[in-house]
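Remarks on the overall topology
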Amino acid sequence: MNVTMDKLTSKDLMQMEDKHGAHNYHPLGVVLERGEGVHVWDVEGKKYYDFLSAYSAVNQGHCHPKIVDAMVEQAKTLTLTSRAFHNDALGPYEKFVTEYFGYDKVLPMNTGAEAVETAIKLCRKWGYEVKRVPENTAQIIVCDNNFHGRTTTIVSFSNDPVASKNFGPYTPGFIRIPYNDTAALEDALKNNDNVVGFLVEPIQGEAGVFVPDAGYIEKAQQLCSEAGALFIADEVQTGIARTGSLLAVCGDCSCGNTCEKDPNSYVRADILILGKAISGGAYPVSAVLADNEIMNVIKPGQHGSTFGGNPVAAKVAIAALEVVRDEELAANARRLGELFRNEMQRIIDNTDLVVKVRGRGLLNAIIVNDTEESDTAWNLCVALMENGLLAKPTHGNIIRFAPPLVMTETQLMECVAIIEKTINAFEK
Ligand SMILES: *Cc1c(COP(=O)(O)O)cnc(C)c1O
């Protein structure tokens, strides 16, 4: 067989997707076939730095050997039992993950959206059975420009018309307020005993890496606690060391020497939602964590998932979380993040093309100097791709930069050089 002749090109493969796949994504024109650490390779063999990390799922780097080994080993032994029976990997995983994040219990699911749905159901049920809100009146406060996934209920409370238009009728029971606005939250909680929770991203990722003011999350949690509403943190994107601490809310973390916790400014969510990097991108794993008073309202048959808590997921998640701790990825993200923003600021000071950099840890974004409707950010990403670095606009003129957290300083500076070169060439 002539391998070179038989091998499909990037163009062939993109045409296949276009013809046979639903057009629910608009990917950059690159077809990847291999990944290792901070790098990916396309089918023509070109090497790139991955500056998206599958939306922060691959924090531990592509194909981390420890995670892959755990997955392969378990896949050869037992993959799925369903929860109709026990399996010998679930209990040890549940013990491990609850100790790791400091909660009584975990409810295992597969995707981020499922975990958000789980948190919503859990919060409502707690509202009826513990807070004693009248039946079918519970309300959950959410934020403008939120991104919590793609299910019918979740898009019901999105204000992004692309996500929600023509998918109605919408699920009721949500109040939307501005993000980063504690007065609005106070107002929404005031004299409304039917509010059972506040669902929030500690940093809005999809909205364009929008970092709230210092103290916002702390104040929000305090207001919720005073009003008897659950504080629900969606850390699907911000969690697992991405922002320079184990969790962006810096909840009751047990990351030891990787996190310099300020005891006056850390928040412990009543319900913590995790996904993406909890598996290092190897396998779909998500989790909802809460203490007994909340989690015990869910009884057999009231919620579940065929794949949730399967033995492969359990082993993969343990390995992925061990990598985060053993390789001190939170500390690395914090250190390299500061360096990266400083370097971006230096570039911004010398260009008109980019106006701002923002972010925390290695979750960052640059704002391109053009309208939200322009395709300048897209074109800049195409140019970055040509120069060996993969990133994508979040919304309009905002480009997210989120490399794997296993990056070294030397690699990061190489990436800074690519970005600088691309921006400078782009202007001419
Ligand atoms: C990605 C994401 C989700 C949805 O996760 P899926 O695995 O794509 O369903 C939910 N919340 C946040 C903050 C996310 O970034």
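What you see is a predicted model, and the numbers here were worked out from it, not measured in a lab. All residue numbers refer to positions counted from 1 along the written sequence of the respective chain. Selection of residues for local features in this predicted model requires a pLDDT of at least 70, selection of side-chain atom pairs for listing and counting requires 80 or more, and totals for whole chains, interfaces and linings are taken over all residues. Remark: hydrogens and water are excluded; side-chain values derive from all non-hydrogen atoms of the structure.

With that settled, the discussion passes to the packing of aromatic side chains. Only rings of Phe, Tyr and Trp enter the pairing, Trp through its six-membered ring, and a pair is recorded when the two centres are within 6.5 Å. The plane angle decides the type: under 30 degrees is stacked, over 60 is edge-to-face, the rest tilted. Enumeration over the complete set of coordinates arrives at nine aromatic pairs. Between Phe96 and Tyr100, the aromatic rings sit 5.5 Å apart at their centres with planes inclined by 35°, giving tilted as the arrangement. Of the two residues, Phe96 and Tyr100 both sit in helix H5 (residues 90-101), four residues apart, roughly one turn of that helix. Exposure is judged per residue with a 1.4 Å probe applied to protein chains only, and the accessible area is read against the type maximum: over 50% gives exposed, under 20% gives buried, and values in between give partly exposed. Overall, Tyr100 belongs to the buried group, its relative accessible area being 5%. Summarising the aromatic geometry, the rings of Phe157 and Phe174 are spaced 4.3 Å apart at their centres and angled 40° between planes, so their arrangement reads as tilted. Residue Phe157 is located in the loop between helix H7 (152-156) and helix H8 (161-164), and its partner Phe174 is located in strand E6 (residues 174-177); the two are separated by 17 residues in the primary sequence. For the pair formed by Phe157 and Phe174, the shared burial category is buried. An aromatic cluster of at least three residues, connected via ring pairs, comprises Phe51, Phe340 and Phe401. Note on conventions: DSSP H or I runs of at least 4 residues are helices, E runs of at least 2 residues are strands, and numbering of each starts at the N terminus.

Within the secondary structure layout, Ser156 lies in helix H7. Between the C-alpha atoms of Ser156 and Lys315, which are 159 residues apart in sequence, the distance is 34 Å. A contact between two residues is defined here by any heavy atoms of the two lying within 4.5 Å. Once residues lying within four places of it in the same chain are set aside, the contact partners of Ser156 are Tyr170 and Thr171. Here Thr171 takes part through its backbone nitrogen, which lies 2.8 Å from a polar atom of the side chain of Ser156. Polar contacts, as counted here, are pairs of nitrogen or oxygen atoms within 3.5 Å of one another; within protein the pair requires one atom able to donate a hydrogen and one able to accept it, and residues that are adjacent in sequence qualify only if both atoms are side-chain atoms.

Turning our eyes to something else, we now look at the domain arrangement of the chain. Think of interface size as the accessible area that goes away when the parts come together; that is how it is often given. Just so you know, the domain bounds were taken from an automatic or database domain assignment. Looking at the assigned domains, one finds that the chain contains domain 1 (5-60 + 329-427) and domain 2 (65-326). Of note, the centres of domain 1 and domain 2, computed from C-alpha atoms alone, are 27 Å apart. Contacts between the two partners involve 28 residues from domain 1, matched on the other side by 31 residues from domain 2. Accessible area that two parts lose when put together, with a 1.4 Å probe and added across both, is what the buried area reports. Carbon and sulfur atoms supply 52% of the area that domain 1 and domain 2 bury against each other, a total of about 2,400 Å² over both sides. Contact with domain 2 buries surface across domain 1, with Gln60, Arg334 and Arg360 losing the most and accounting together for 28% of the total. We define a salt bridge as a contact between a side-chain nitrogen of Lys or Arg and a carboxyl oxygen of Asp or Glu at a distance within 4 Å. At the surface where domain 1 touches domain 2, the tally comes to one salt bridge. Of the charged contacts, one joins Glu206 and Arg400 as a salt bridge, the two residues approaching to 2.8 Å between their closest N and O atoms. In this assembly, domain 1 and domain 2 are joined by 15 residue pairs in polar contact (both at pLDDT 80 or more). At the level of secondary structure, the elements contributing two or more residues to the side of domain 1 that touches domain 2 comprise helix H3 (53-56), helix H13 (329-348), strand E11 (354-360), strand E12 (363-368) and strand E15 (398-401). Of the residues forming the side of domain 1 that touches domain 2, the biggest block, five residues, is contributed by H13.

With that settled, consider the packing of helix H9 (residues 182-189) against helix H10 (residues 216-227). Taken N-terminus to C-terminus, the directions of H9 and H10 make an angle of 10°; their axes are 10 Å apart at the nearest point. Between H9 and H10, the interaxial angle falls into the category roughly parallel. Taking contact as the criterion, the partners of Thr182, Leu185, Glu186 and Leu189 in H9 are, on H10, Tyr216, Lys219, Ala220, Leu223, Cys224 and Ala227. Throughout, an axis means a line fitted to C-alpha atoms (over the contacting stretch in the case of helices), and angles, computed between N-to-C directions, take values from 0 to 180 degrees. Our angle categories are set so that under 35 degrees counts as roughly parallel, over 145 as roughly antiparallel, 65 to 115 as roughly perpendicular, and the remainder as oblique.

It is worth spelling out the pattern of salt bridges at this point. Oppositely charged side chains can pair when the atoms bearing their charge come close. In the structure shown here, the tally under the stated rule is 12 salt bridges. Taking the shortest distance from any N to any O, the salt bridge between Lys125 and Glu129 comes out at 2.7 Å. In this pair, Lys125 and Glu129 both sit in helix H6 (residues 112-131), four residues apart, roughly one turn of the helix. A salt bridge links Asp187 to Lys190, with the shortest nitrogen-to-oxygen separation between them at 3.5 Å. Since its relative accessible area comes to 52%, Asp187 is described here as exposed. Here the salt bridges share partners, and the residues they tie into one network are Lys66, Glu322 and Asp326.

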